[in-house]
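Examining the three-dimensional arrangement
Okay, here's what each chain looks like letter by letter:
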Amino acid sequence: MKAMIFNIQRYSLHDGEGIRTVIFFKGCPLTCPWCSNPESQKLEKEIMRRQSLCIGCSSTNCYKCNKDPKDCPTGALERIGKEMTLREVLDEVNKDAVFFDSTGGGVTLSGGEPLLQGEFIVELLKELKKIGIHTAIETTGMGRQDIIIEMSKHIDTVLWDFKIMDKRLAKEVVNQDIDVMKNNFETLIKNSNKVEVIPRIPLIPHYTANIENIQKILDYISKFDLKLVHILPFHQYGSSKYKALGEEYKLKDVKTLDKNEIEEINKFIECKGFKVIIGG
Amino acid sequence: MLSRRIETLKNELFKEKRQISLERARLYTESYKNTEGEPSVIRRAKALSNILSKVEIEIKDGELIVGDRTVQPRSGVASPEMSPYWILEELDEFSTRPQDRFEISQEDKEYFKNELYPYWSGKSLKDYCNEHIPQNIKDTVKAKIIALNQTDKGQGHIIPDYSKLLKKGLKAMINEVKEKINENEDNYFYRASLITLEAARDYILRYAKLSEEMAEKERNLDRKKELEEISRISYKISEDKPDTFYEALQLFWYISVIFQHESNASSISIGRFDKYMYPYYKKSLEEGIDIEFIKELLRCLYIKFNTIVALRSTESAKYFAGFPTGYTIVLGGVDENGRASVNELSYIMLEILGDIRLPQPNLSIRVNENTPMDFLIKASEIIRLGTGMPQVFNDEVNIPSFLNRGVSLYDSRDYAVVGCVELSIPKKTYGLHDIALFNLLKVFEITLREKKSEIGSFEELLEKLKENISKYVKDMIEGSNIVDMAHRQCAPTPFLSNFINGCIEKGMDVTEGGAIYNFSGVQGIGAPNLSDSLYVIKKAVFEEKLITLKELVDILESNYEGREDLRQRFINKYPKYGNDIDEVDYLGSEVLSHYCREVEKYKNIRGGIFQPGSYTVSAHIPLGAAVGATPDGRMKGEQLSDGGLSPMVGRDKNGPTAVLKSVSKLDNYLTSNGSLLNVKFSPQALEGVEGIKKLAGFIRAFSRLKIQHVQFNVISADTLREAQKHPEKYQNLVVRVAGYSAIFVELDEAIQNDIIRRTEHSF
């Protein structure tokens with residue numbers, strides 16, 4: 001069994017408790033225009049091109065270079081996506097086990113959408129559980145029911161994204177069927193007696209960061225016994241990656257939220273009885 | 001908030017420009033002129049006695065702890081008896097040289113040229129070294145394959161037995177030596193020892209009298225009382241053992257200053273201060289002394305540590321930039337039974353560093369599996385402040401590494417730190433911990449150039465490299481032993497020897513082998529660059545056959561001229577040490593282990609053994625300057641990896657956990673003289689309670705990974721760049737250099753840039 005992975009990042013401090021290793025799975029059913037990992041969207045391998053690293057050894061224009069990425073001396077051309085076996089992933093993850101243990105950290109599955117490679121992640125989670133490593137997943141919730149049920153038996157924390165709650169807009173903007181997502185969420189909650197479930201709201205100007213949308217999210221999650229919400233303010237860190245992929249970034253001119261705007265939303269959610277962590 | 005007293009005393013440190021002081025040199029020389037023909041150990045004792053009786057003393061307003069080496073703080077004390085040559089050459093450059101500048105008056109320049117230089121020319125320690133070191137070893141030094149240290153300055157690098165001092169007091173120590181003299185009339189060491197102890201007593205009495213006189217004249221009643229107390233204490237401890245914390249602290253400091261008057265050497269270190277001072281701390285608290293007063297005394301002491309800086313030659317200052325004096329203190333660790341040893345004073349010492357933020361004392365902690373989490377958290381909070389302190393040492397590997405050198409279990413558990421990161425058994429060791437450096441990467445370069453046409457396999461290359469390492473190690477050993485002998489002949493330290501166990505028993509100075517443990521420590525440098533370079537050769541030359549060895553060496557000799565593509569490929573397409581990749585990490589490990597096993601074969605002239613270490617201080621810059629381009633993509637003259645065990649700058653891409661894992665694959669039990677690892681965090685990575693917990697957990701993992709040492713720079717690169725641009729605004733910014741901290745704006749630009757470049761881990 002192999003998975004398509006585009007990065008395994010060690011020493012990650014902001015994706016759950018302690019020092020963590022984040023496994024980024026490639027491929028996502030959604031099309032969020034603000035996606036900060038655009039290289040995660042397609043399931044297939046692709047090439048990123050970074051002109052700033054190019055030394056012009058065969059073409060001075062990185063975007064037109066015919067070299068195989070493996071022959072590019074500076075790594076300006078980089079092949080994104082690597083098929084990895086379960087053993088390979090476990091070996092990589094185990095390298096930081098001593099830090100997971102000493103800081104209460106662990107492994108976070110991210111993407112893309114890890115649930116797309118559901119069989120693999122269930123096997124991975126089973127193995128990690130066996131050796132006592134804490135696990136978390138960052139998910140859009142778009143996966144098969146049986147995978148969600150199986151996953152919930154072996155995972156410690158689920159960070160579940162709530163983006164756009166309006167059914168029509170969700171379909172239009174991010175290609176998400178809200179009913180499927182809600183149904184999946186309820187399945188998770190039903191099977192989650194040992195799982196910590198944390199709703200996460202990306203705060204994207206013009207898309208999600210309006211009180212009406214947030215109100216809808218809170219109305220929905222209030223039905224369940226949940227205490228904590230993460231909010232993830234919009235940032236521009238992903239913009240150079242669009243360029244490297246030769247894609248257009250629709251949000252390149254969108255400003256990040258200022259402190260007051262974030263604080264306002266934070267207060268709004270707290271007033272509804274949730275504890276809020278900014279940035280997760 | 002610091003009290004006004006401390007604020008004022010702290011500002012006094014930096015108020016005046018640093019001056020060269022020839023006072024000690026004058027008094028030392030005056031005495032030497034009167035003792036021609038007497039044994040060296042006696043001459044040295046009399047010289048110290050002359051200094052202590054005549055050196056100018058004062059008590060500054062507000063001081064609670066008194067005693068100075070020079071009245072003007074941070075003066076550079078010249079030692080022409082060690083080498084008059086570099087001083088003469090640099091007389092006109094002290095105030096303009098790139099690193100460690102000092103002012104010197106015209107009058108002093110003339111005095112040096114006309115009086116001191118002519119006397120010492122031909123008679124100094126340096127002359128002994130020059131006469132005795134054979135030409136082939138001089139060539140090895142000149143080629144920067146090895147560096148021999150302490151050829152023109154005092155030896156230092158030792159931790160005296162302060163607990164003996166405090167428990168006995170000077171009178172008892174004097175009586176002990178007098179008895180020895182009665183039994184051994186013709187032993188010069190005992191006679192010298194007595195001269196120095198009596199001189200120490202009289203020196204303290206000078207302060208007792210001065211404070212008494214000052215108290216009489218003082219109008220301010222509060223200050224009058226303080227001066228009376230200083231006087232009372234000084235009279236008492238000039239003979240008797242101290243009883244209170246204040247008395248113990250004052251005696252400790254007087255004796256520390258006297259060590260400097262005698263040796264004028266860096267790294268006469270402090271050892272396990274929280275252990276031997278704790279009984280006095282506890283007693284004083286029980287007697288109702290206010291804890292705030294105790295802290296104020298300690299702050300006064302911290303300031304005192306910073307009044308003494310080391311004057312080095314321009315060349316030496318490249319290796320040890322920023323005047324480190326090596327007042328290294330170790331907190332925590334285990335007790336003689338192996339149980340975790342942390343007390344209230346350990347916490348207070350950390351807290352005071354947080355208040356006062358000065359580069360000395362070089363505060364360190366020892367950690368192990370049983371170190372309380374509280375203590376790790378407290379240390380992490382102080383580390384986050386960004387002074388680079390405390391640095392962290394690991395009992396889990398350091399204790400076994402001493403056992404492997406034949407040190408008893410009891411003594412191994414008592415280890416402490418000398419200078420920067422050198423491990424030493426306090427009270428019992430004369431360890432020459434910093435006697436030489438060995439440039440592994442230079443030997444690699446020489447091997448490639450010599451053998452580029454003959455070598456047919458990677459194994460053969462390793463074999464030839466190891467042969468050359470063995471060959472040059474021999475030169476280094478021979479050179480070190482000559483320097484060792486030079487100190488015995490020219491610079492015995494009878495006063496210091498009173499405080500090293502074994503000397504009084506045997507009637508021998510430390511330089512003669514009086515100590516119980518007699519090591520010589522020599523550092524192997526460049527293993528990280530070597531890992532990376534060997535891996536590139538293994539893959540590109542012998543496996544992929546991308547290029548022949550000869551072609552590669554020619555390209556390296558041309559400094560990658562016209563082959564930037566190849567250089568980039570070497571940098572980017574082959575994994576590097578520091579990223580937790582076994583195949584690479586094991587290569588450097590194999591070579592460093594070979595170096596260690598070669599070194600440990602040899603004996604020194606005091607009946608002890610050589611032991612390897614791996615730290616650079618700031619030597620990775622000058623030693624790198626001597627090495628041509630290397631297959632890891634390093635350009636000609638570029639620095640070596642910093643610290644000793646740190647990955648090459650910019651090559652660690654997987655974060656600090658991967659760095660620790662790579663370092664853990666070296667055989668860290670072998671480098672028993674000490675090794676050094678720099679890790680830099682961005683301040684954001686350590687924000688909040690969570691950030692502190694992660695750092696404490698990181699240190700716990702470091703301990704489990706059996707790495708000897710780690711230190712942290714937690715200042716953003718932006719702040720440092722800002723300080724480079726506007727030094728005037730950052731006069732007090734303390735940063736980690738290498739096993740010691742220094743004031744950033746007092747460092748040479750090359751070293752500043754190096755500190756900025758060391759990878760900053762944030763994510």
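Residues numbered from 1 in each chain as written. Chains lettered and ligands numbered in written order. Predicted model: local features only at pLDDT ≥ 70, side-chain atom pairs only at ≥ 80, totals over all residues. Heavy atoms only, no water.

**Here we look at the pattern of salt bridges**
When the charged atoms of two side chains with opposite charge come close together, those side chains can pair. Counted only if it meets this: Each salt bridge in this description consists of a side-chain nitrogen of Lys or Arg and a carboxyl oxygen of Asp or Glu lying within 4 Å of one another. Under the DSSP-based scheme used, a helix requires at least four consecutive residues in state H or I and a strand at least two consecutive residues in state E, with every element numbered from the N terminus. Burial classes: relative accessible area under 20% of the type maximum marks a residue as buried, over 50% as exposed, and values in between as partly exposed (1.4 Å probe, protein chains only).
A complete count under the given rule lists 87 salt bridges over all chains for this structure. Salt-bridge contacts for B:Arg721 lead to B:Asp718; the nearest nitrogen and oxygen are separated by 3.2 Å. With a gap of 3 residues between them, B:Arg721 and B:Asp718 both fall in helix α32 (residues 717–725), about one helical turn apart. Classification of B:Asp718 by relative accessible area gives exposed; the value is 57%. Taken together, the shared-partner salt bridges in this structure form one network comprising A:Arg10, A:Asp96, B:Asp580, B:Asp582, B:Asp585, B:Lys661 and B:Lys665.

**What to know about the UniProt feature "coiled-coil region" (unreviewed entry) in chain B**
Residue and element names in this part refer to chain B. How we decide: UniProt positions are given in the numbering used here, feature names are shortened, and annotations may be inferred rather than shown by experiment.
In this structure's numbering, the residues bearing the UniProt feature "coiled-coil region" (unreviewed entry) are residues 167–230 and 448–475. Secondary structure across residues 167–230 comprises 88% helix and 0% strand; the distance between its end C-alpha atoms is 20 Å. In residues 448–475, the share of helix is 79% and the share of strand is 0%. The end C-alpha atoms are 20 Å apart.

**Here's the deal with the pairing of strand β13 (residues 709–713) of chain B**
Residues and elements named next belong to chain B. Inclusion rule: Only strands that DSSP links by at least two bridges are regarded as paired with each other.
Counting buried positions along β13 gives 5 out of 5 residues, so the element sits mostly inside the fold. Burial along β13 is two-sided: His709, Gln711 and Asn713 facing one way and Val710 and Phe712 facing the other are all buried. Two elements, strand β6 (residues 391–394) and β13, share 2 bridges in a ladder whose sense is antiparallel. Bridge pairing links phenylalanine 393 to histidine 709 in β13. Across 3 bridges, the pairing between strand β12 (residues 678–681) and β13 is parallel. Across the sheet, asparagine 678 pairs through a bridge with glutamine 711, a residue of β13.

**Here's the deal with helix α1 (residues 4–15) of chain B**
Residues and elements named next belong to chain B. Stated formally: In this scheme, a helix's expected span is set at 1.5 Å multiplied by one less than its residue total. Directions drawn from the helix axis to the C-beta atoms are what define this arc. It only takes one pair of heavy atoms within 4.5 Å for two residues to be counted as in contact.
Here α1 is 12 residues long and its end C-alpha atoms lie 16 Å apart, about the 16 Å a rise of 1.5 Å per residue gives. Here α1 has its buried residues at Ile6, Leu9, Lys10 and Leu13. The arc that holds every buried residue of α1, seen down its axis, measures 100°, which confines them to one face. Among the exposed residues of α1, those pointing more than 90 degrees away from its buried face are Arg4 and Lys15. Buried residues belonging to α1 abut α15 (291–305) and α17 (344–356).

**Here we look at the sheet that holds strand β10 (residues 228–233) of chain A**
All names here are of chain A. Rule in force here: With axes taken as lines fitted to C-alpha atoms, and helix axes fitted only over the stretch in contact, angles between N-to-C directions fall between 0 and 180 degrees.
Ordered by their spatial adjacency, 9 strands build an open sheet running β5-β1-β2-β6-β7-β8-β9-β10-β11, and the pairing between neighbours is mixed. Two strands in the sheet have a free side with no partner beyond their single neighbour: β5 (82–85) and β11 (275–278). Each strand of the sheet is rotated relative to its neighbour by a mean of 30°, with strand direction disregarded. Note: strand β2 (residues 20–25) against strand β6 (residues 106–110), 5 bridges, orientation parallel. Bridge pairing in β6 places arginine 20 opposite glycine 106. Contacts between helix α6 (residues 178–190) and the sheet are confined to β8 (157–161) and β9 (196–203), with β8 contributing the most and set at about 160° to the helix.

**Considering the packing of helix α9 (residues 170–183) of chain B against helix α10 (residues 188–217) of chain B**
Residue and element names in this part refer to chain B. To be explicit about the condition: Reported orientations rely on four angle classes, namely roughly parallel under 35 degrees, roughly antiparallel over 145, roughly perpendicular from 65 to 115, and oblique for the rest. For any helix crossing, the convention is left-handed if the near helix is rotated counterclockwise from the far helix by under a right angle, and right-handed if that rotation is clockwise. When residue character is reported, Ala, Val, Leu, Ile, Met, Phe, Trp, Tyr, Cys and Pro are called nonpolar, Asp, Glu, Lys and Arg charged, and the others, Gly included, polar.
Where α9 meets α10, the axes come as close as 9 Å, and the angle between the chain directions of the two elements is 160°. One element, α9, and the other, α10, form an angle in the roughly antiparallel class. Considering the relative orientation of α9 and α10, their crossing is left-handed. Contacts between α9 and α10 pair Leu170, Met173, Ile174, Val177, Lys178, Lys180 and Ile181 from the former with Tyr190, Arg191, Ser193, Leu194, Leu197, Glu198, Ala200, Arg201 and Ile204 from the latter. Here the contact of α9 with α10 is built from residues that sort into 10 nonpolar, 1 polar and 5 charged.

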